[in-house]
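As a plain string of letters, each chain reads:
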Amino acid sequence: MRKITSGIYGLNPLLDGGVNENSTTVVIGRSGAGKTTLATQFIRRGLQDGQEGVFVSLDENKEQIIREAVEMGWTDILDYLDDEQLVFIDASGREFSNFIRKELPAFVADWKGSNARIAIDPLTPVLWSTKDLYEQRDLIGFMLKQTRKVGTVLCTLEEHGSTDLTGPETVIPMYLADCVIHLRFDHGPSKHTRELQIIKCRNSRHDPDAHPYEILRGLGIVLEGVDVRHVPTAKGPSQLRQMLLTRALPKDVRDRLEKSLDGLTDDDFRGLKPEQVLELILQEYAKGG
Ligand SMILES: Nc1ncnc2c1ncn2[C@@H]1O[C@H](COP(=O)(O)OP(=O)(O)OP(=O)(O)O)[C@@H](O)[C@H]1O
Ligand SMILES: [Mg+2]
């Protein structure tokens, strides 16, 4: 999997180097969590590297999104728009659902392989365009599969009520997306807390912990407590791999296990104790045991 840098300060190390190219990510958060900021930051990072950007806006109109980006200090957005490297699609949920059903294949045929970044903010009205859960699943599934052919896709999703992400509006996109990021936003009477947590990421390691973040003018979302010196690609062999070498095992089993453990670091084991994992492996492969 090729990784692209997200543009979100501190997120790449949590995703083993960045977002998987041609994948679909859903970012879930309450109002004010920073969804639009994150989507703009992601698109803008691509623009800086010469990638095209498509911003599909379903709630706010183009002018509002641009005004917010400019307020954020991201005035270069205006130049990318002038150069048509950034394209806006201003639509309501119903219009966009019809676009998905009728015009998306032609759009994909046009843009296929262009390696653009696509943001859809927010996906929620698309879900609301039909009550039928099967149809919702079909529509979102089709949209994600198609848009992935054009480039790397990031959709935002509104979170309503409880923060356990079990509501029907979150469950369907969560199943269908490759990567799910939760922006947890709590606003008590005296203070705000914001935390980002990666819920799942297909085809990649990811950090499972919640990380506090701030939204800063000029920078956007910045995560706290991310060890940037920890480079996940510079892998030392795990303790388990070392231990394995000292144990008696048939050669074919050892070779296979060595291959499985290739590239794993001690960090990957998190709470698991390497010596216990080794015992489980040995038990699994013990002849007659
Ligand atoms: N120019 C700015 N300078 C500093 N902070 C900003 C700026 N613009 C936005 N923010 C911060 O980002 C927060 C909102 O972010 P954003 O609009 O991305 O949230 P959202 O999740 O998209 O909300 P909604 O669901 O209402 O669309 C603001 O409440 C503010 O704290
Ligand atoms: Mg928003």
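Reading the values: the criteria
- Residues numbered from 1 in each chain as written.
- Chains lettered and ligands numbered in written order.
- Predicted model: local features only at pLDDT ≥ 70, side-chain atom pairs only at ≥ 80, totals over all residues.
- Heavy atoms only, no water.
- Domains from an automatic or database assignment.
- Buried < 20%, exposed > 50% of the residue type's maximum accessible area, 1.4 Å probe, protein only.
- Helix = DSSP H or I, 4+ residues; strand = E, 2+ residues; numbered from the N terminus.
- Arc of directions from axis to C-beta.
- Contact = heavy atoms within 4.5 Å.
- Pairing = 2+ DSSP bridges.
- Patch = residues over 30% accessible without salt bridge, like charges linked within 9 Å, V, L, I, M, F, W, Y side chains within 5 Å.
- Areas by Shrake-Rupley, 256 points an atom, 1.4 Å probe, with all protein chains shown as cover.
- Salt bridge = Lys/Arg side-chain N within 4 Å of Asp/Glu carboxyl O.
- Lys, Arg positive; Asp, Glu negative; His and termini not counted.
- Charge placed at Lys NZ, Arg CZ, Asp CG, Glu CD.
- Near = heavy atom within 4 Å.
- Polar contact = N/O pair within 3.5 Å; in protein donor to acceptor, adjacent residues only side chain to side chain.
- Nonpolar A, V, L, I, M, F, W, Y, C, P; charged D, E, K, R; others polar.
- Axes fitted to C-alpha atoms, helices over the stretch in contact; angles between N-to-C directions.

1. Re the domain arrangement of the protein
Turning to step 1, where the next piece is worked out: Per the domain assignment, the segments making up the protein are domain 1 (3–223) and domain 2 (239–285).
Turning to step 2, where the next piece is worked out: With centres defined by C-alpha atoms, the gap from domain 1 to domain 2 works out at 38 Å.

2. Observations concerning helix 6 (residues 104–111)
Turning to step 1, where the next piece is worked out: Every buried residue of helix 6 is listed here: Leu-104, Phe-107, Val-108 and Trp-111. Summarising the axial view, the buried residues of helix 6 lie within an arc of 100°, below the 170-degree limit, and thus occupy one face. The outward face of helix 6, more than 90 degrees from its buried face, is lined by the exposed residues Ala-106, Ala-109 and Asp-110.
Turning to step 2, where the next piece is worked out: Where helix 6 is buried, its residues contact strand 4 (53–57), strand 5 (86–90), helix 5 (93–102), strand 6 (116–121) and helix 8 (133–150).
Turning to step 3, where the next piece is worked out: Once helix 6 finishes, Gly-113 follows within two positions and takes phi at roughly 75°, a positive value.

3. Quick look at the pairing of strand 8 (residues 179–187)
Turning to step 1, where the next piece is worked out: Two elements, strand 3 (residues 24–29) and strand 8, share five bridges in a ladder whose sense is parallel. From the neighbouring strand, Val-27 faces strand 8, where its bridge partner is Ile-181.
Turning to step 2, where the next piece is worked out: Relative to strand 9 (residues 192–201), strand 8 runs antiparallel, the two being bridged by nine bridges. Bridge pairing in strand 9 links Ile-181 to Ile-198.
Turning to step 3, where the next piece is worked out: If you look at the hairpin formed by strand 8 and strand 9, you'll find four residues sitting between the two strands.

4. A closer look at a negative patch on the surface
Turning to step 1, where the next piece is worked out: A contiguous patch of negative charge, built from Asp-79, Asp-82, Asp-83 and Glu-84, is present on the exposed surface.
Turning to step 2, where the next piece is worked out: By the secondary structure assignment, Asp-79 is in helix 4 (residues 76–82).
Turning to step 3, where the next piece is worked out: Relative accessible area serves as the criterion here: at 46%, Asp-79 is assigned to the partly exposed category.

5. What to know about the pattern of salt bridges
Turning to step 1, where the next piece is worked out: Scanning all chains against the criterion turns up 16 salt bridges.
Turning to step 2, where the next piece is worked out: When the shortest N-O distance is used, the salt bridge between Asp-209 and Arg-270 registers 3.0 Å. Of this pair, Asp-209 sits in the loop between strand 9 and strand 10 (210–216) while Arg-270 is found in the loop between helix 12 (266–269) and helix 13 (274–285), placing the two residues 61 residues apart along the sequence.
Turning to step 3, where the next piece is worked out: Residue class for Asp-209 comes out partly exposed when judged on its relative accessible area of 35%.
Turning to step 4, where the next piece is worked out: In this structure, Asp-252 engages Arg-256 in a salt bridge whose closest nitrogen and oxygen atoms are separated by 4.0 Å. With Asp-252 and Arg-256 both in helix 11 (residues 251–261) and four residues apart, this pair spans about one turn of that helix.
Turning to step 5, where the next piece is worked out: The partly exposed category is assigned to Asp-252, whose relative accessible area is 49%.
Turning to step 6, where the next piece is worked out: Residue classification places Arg-256 among the partly exposed positions, given a relative accessible area of 43%.

6. A closer look at the site of ligand 1
Turning to step 1, where the next piece is worked out: Neighbouring ligand 1 are 13 residues, the closest being Ser-31, Gly-32, Lys-35, Thr-36 and Thr-37.
Turning to step 2, where the next piece is worked out: Between ligand 1 and Gly-34, the relevant distance is 3.0 Å, taken from an oxygen atom to a main-chain nitrogen or oxygen of the residue.
Turning to step 3, where the next piece is worked out: Glu-71 is positioned with one of its backbone polar atoms (N or O) 3.4 Å from a nitrogen atom of ligand 1.
Turning to step 4, where the next piece is worked out: Notes on ligand 1: free accessible area 640 Å², of which the protein chains cover 65%.
Turning to step 5, where the next piece is worked out: Looking at side-chain class alone, the shell around ligand 1 contains three nonpolar, five polar and five charged residues.

7. Here we look at the sheet that holds strand 9
Turning to step 1, where the next piece is worked out: Within the open sheet, the nine strands sit side by side as 5-4-6-7-3-8-9-10-11. Their pairing is mixed. A strand with exactly one partner marks an edge of an open sheet, and here the two such strands are strand 5 and strand 11 (220–223). Taken over all neighbouring pairs, the strand axes of this sheet differ in orientation by 25° on average, direction set aside.
Turning to step 2, where the next piece is worked out: Each of strand 3, strand 6 and strand 7 (151–158) is contacted by helix 8, which is oriented at about 140° to strand 7, the strand it contacts most.

8. Considering unusual backbone geometry
Turning to step 1, where the next piece is worked out: For the bond from Asp-121 to Pro-122, the omega torsion is -15°, close enough to zero to count as cis.
Turning to step 2, where the next piece is worked out: With respect to the helices and strands, the residue Pro-122 is situated in the loop between strand 6 and helix 7 (124–128).
Turning to step 3, where the next piece is worked out: Although it is not a glycine, Glu-84 sits at a positive phi angle of roughly 60°.
Turning to step 4, where the next piece is worked out: Here Glu-84 is to be found in the loop between helix 4 and strand 5.
Turning to step 5, where the next piece is worked out: What makes Glu-84 exposed here is its relative accessible area of 61%.
Turning to step 6, where the next piece is worked out: Its identity is not glycine, yet Asn-115 carries a phi of approximately 60°, on the positive side.
Turning to step 7, where the next piece is worked out: Positionally, Asn-115 belongs in the loop between helix 6 and strand 6.

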